[in-house]
Amino acid sequence: MTLALGCIADDYTGASDLANTLTRAGLRTVQTIGIPADDLALPEVDAVVVSLKSRSIEAGLAVSRSRAAEKWLRGRGASHVLFKICSTFDSTDAGNIGPVMDALRADCGEANVLVTPAFPETGRTVYQGNLFVGAVPLNESPLKDHPLNPMRDSNLVRVLARQSKTQIGLVDLATVTRGVEAVRERLAELAGEGIGAAIIDAVFDRDLETIGRVAAEHRLSVGASGIGLGLARALVSTGKVKSAVASSEAGAAVGGPAACLAGSCSQATLKQIASAEKIMPVLHLDPDRILTGADEAQRALDWARPRLAEGPVLIASSSTPDQVAALQARHGRDAAGHAIEQTMADIAEGLVKAGVRRLVVAGGETSGAVVDRLRIPGFLVGVEIAAGVPVLRAVGVEGDMLLALKSGNFGGPEFFSDALGLMR
Ligand SMILES: Nc1ncnc2c1ncn2[C@@H]1O[C@H](COP(=O)(O)OP(=O)(O)O)[C@@H](O)[C@H]1O
Ligand SMILES: O=C(O)[C@@H](O)C(=O)COP(=O)(O)O
């Protein structure tokens, strides 16, 4: 297999979002969990998205895991590697976007890396280096209250400069609008000033197409699904990849019980849980009990098992920003996040043992904990449920299983019923 594009995603929902975008743009794509084992049977593909759970871990570990993934991808012919980050640039001043970018840049000898989290389809746009989430700057959006990476500065040139050893420049929208040659010239200018990476503005998909064409001439780029779209379109339009029609195999029905798990505390997920209450039984976990050692997973499984034969159930740990802040004040941010993720993984494991073959998970870190526990090595990409969220068919596991891994922020209010409607 010779890859036209190699991708490293810093979380599992982000990886399925990117795999979805690449598939829809005509690239045959698989999502792997970590670097695939040699004996994992993968179909012939144009792109591999290696999913890491590296967004919120210690920066040194994120660097070493990302470098190993890059080495694997380059070893399979990928001349370009996209480091997939969140469209809301989720990170702290300690990293991990800057340190990983610096390391990958050094490994591949790239003079200048284009960086953009723009993904207009989901309302993420970048102007003068400032990230907007819908109509508001990042620091005024619900991301200011994210449980793990509260985003309080919308100026990404500043944010990335705090994380990276590289000097960070800007390629503004006026330059992008002038086209591919103007962007190339601006990059050469920045390289001449010793600037190794640049935030590049993008508001519309046509901006991403310009960016994709220039990025494809380089060895490395950093961004969300939008730049993935630009790269995929560039690979297809230059004939490097023959555009493929998405296969229907990935979405074939599996039947059996279905369940949903929500660990995201985003506003979008809170609304989706409220809507789900109208159509399925919902159990709200008690996060304090989880942190004080009570067996909430057992309570949840005892609640769910007798209900599964009747239809889908939803189990949620999600709370409002005030409740999250209070819990973190009592137990610490990382301890709270980790304990709740592990409880979600325990519940997922118990549900699958009870026969669940269709599982919807809301939240990136939560999805990472669940997929790791279920030891799923990879996914084929099926139909799109909502922008950035496809149906996934597990590969390398016994029996058929469909999952949807939803970024906390993605999907409309009826997401859970929309997902279950497409996961037959
Ligand atoms: N009630 C809660 N209080 C505090 N933290 C929580 C609560 N519920 C879930 N969490 C944690 O918040 C984090 C949510 O992150 P994630 O799953 O990535 O969601 P998102 O996709 O919205 O970023 C996880 O670490 C999760 O364990
Ligand atoms: O780019 C995005 O917004 C998503 O693909 C993504 O990375 C989501 O992360 P979570 O919100 O943590 O699920």
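Residues numbered from 1 in each chain as written. Chains lettered and ligands numbered in written order. Predicted model: local features only at pLDDT ≥ 70, side-chain atom pairs only at ≥ 80, totals over all residues.

Draft legend 1. Layout of the overall build of the protein chain. Of regular secondary structure, the protein chain possesses 15 helices and 18 strands. Taking 2.2 N^0.38 as the reference for a compact globule, 424 residues should give roughly 22 Å; the C-alpha atoms of the protein chain span a radius of gyration of 21 Å, in line with that estimate. Over its C-alpha atoms, taken along the principal directions, the protein chain stretches across nearly 65 × 45 × 35 Å. Considering the protein chain as a whole, with its 424 residues, one finds that 54% of them fall into the buried category. (Helix = DSSP H or I, 4+ residues; strand = E, 2+ residues; numbered from the N terminus. Rg over C-alpha atoms; globule rule 2.2 N^0.38 Å. Buried ≥ 20, exposed ≤ 12 C-beta atoms within 10 Å, placed from the backbone.)

Draft legend 2. Representation of the UniProt feature "domain: Four-carbon acid sugar kinase nucleotide binding" (unreviewed entry) in the protein chain in the model. Here the UniProt-annotated "domain: Four-carbon acid sugar kinase nucleotide binding" (unreviewed entry) positions come out as residues 260-416. Between the end C-alpha atoms of residues 260-416 there is a gap of 7 Å, over a span that is 43% helix and 23% strand. (UniProt positions renumbered as here; feature names shortened; annotations may be inferred.)

Draft legend 3. Up close: the site of ligand 1. Every one of the 22 residues lining ligand 1 counts as a neighbour, but Ser264, Gly337, Gly363, Gly364 and Gly408 are closest to it. When residues of the shell around ligand 1 are traced back to their parent elements, those giving at least two are α12 (321-331), α13 (333-353) and α14 (364-373). At four residues, α13 tops the list of elements feeding residues into the shell around ligand 1. Residue classes in the shell around ligand 1 are distributed as eight nonpolar, 12 polar and two charged. (Near = placed C-beta within 6 Å. Nonpolar A, V, L, I, M, F, W, Y, C, P; charged D, E, K, R; others polar.)

Draft legend 4. Up close: the site of ligand 2. Taken together, 15 residues surround ligand 2, and among them Gly14, Asp17, Ser87, Gly364 and Ser407 come closest. Sorting elements by how many residues they give to the shell around ligand 2 places helix α1 (residues 12-24) first, with three residues. Built from parts of two domains, the shell around ligand 2 gets at least three residues from each of domain 1 (5-237) and domain 2 (249-422). (Domains from an automatic or database assignment.)

Draft legend 5. Molecular detail of helix α11 (residues 296-304). Of all the residues in α11, the buried ones are Glu296, Ala297, Ala300 and Ala304. Buried residues in α11, looked at end-on, bunch into an arc of 100°, giving them a common side. Residues of α11 that are buried in the fold lie against β12 (258-262), β13 (282-284), α10 (287-291), β14 (313-316) and α13. (Arc of directions from axis to C-beta. Contact = placed C-beta atoms within 7 Å.)

Draft legend 6. Region of the structure containing the sheet that holds strand β6 (residues 124-127). Pairing is antiparallel across the open sheet formed by three strands, whose spatial order is β6-β7-β8. The open sheet has two edge strands, β6 and β8 (136-137), and neither has a second partner. Where strand β7 (residues 130-133) meets β8, two bridges bridge the pair, whose relative direction is antiparallel. Along β8, the bridge assignment pairs Val133 with Val136. (Pairing = 2+ DSSP bridges.)

Draft legend 7. Layout of the packing of α1 against helix α8 (residues 225-237). Their axes nearest at 9 Å, the elements α1 and α8 cross at an angle of 25°. As summarised for this structure, α1 and α8 are arranged roughly parallel, according to the angle between their axes. Crossing hand, α1 versus α8: right-handed. Between α1 and α8, the contacting residues are Asp17, Leu18, Thr21 and Leu22 on the first element and Ser225, Gly228, Leu229 and Ala232 on the second. (Axes fitted to C-alpha atoms, helices over the stretch in contact; angles between N-to-C directions. Parallel < 35°, antiparallel > 145°, perpendicular 65-115°, else oblique. Left-handed = near helix turned anticlockwise from the far one by under 90°.)

Draft legend 8. Broad picture of the domain arrangement of the protein chain. By domain assignment, the protein chain separates into domain 1 (5-237) and domain 2 (249-422). Between the C-alpha centres of domain 1 and domain 2 there is a distance of 27 Å. Across the contact, 29 residues belong to domain 1 and 30 residues belong to domain 2. Going through the elements one at a time, α1 and β2 (29-33) are the ones with two or more residues in the side of domain 1 that touches domain 2. Broken down by class, the residue content of the side of domain 1 that touches domain 2 amounts to 10 nonpolar, 12 polar and seven charged.

Draft legend 9. Structural view of the UniProt feature "domain: Four-carbon acid sugar kinase N-terminal" (unreviewed entry) in the protein chain. Mapped onto this numbering, the UniProt entry gives "domain: Four-carbon acid sugar kinase N-terminal" (unreviewed entry) at residues 5-229. Secondary structure content for residues 5-229 is 38% helix and 20% strand, and the end C-alpha separation is 12 Å.

Draft legend 10. Expanded view of the nonpolar core. Ranked by size, the top nonpolar core spans 130 residues in total, and within it Leu5, Cys7, Ala47, Ala198, Leu261 and Ala404 carry the most contacts. The residues that make up this core include at least three from each of domain 1 (5-237) and domain 2 (249-422). Ignoring any residue separated from it by four or fewer positions in sequence, one finds Ala404 in contact with Val360, Ile385, Val389, Val391, Leu392, Ala419 and Met423. (Core = buried A, V, L, I, M, F, W, Y, C linked by C-beta atoms within 7 Å.)

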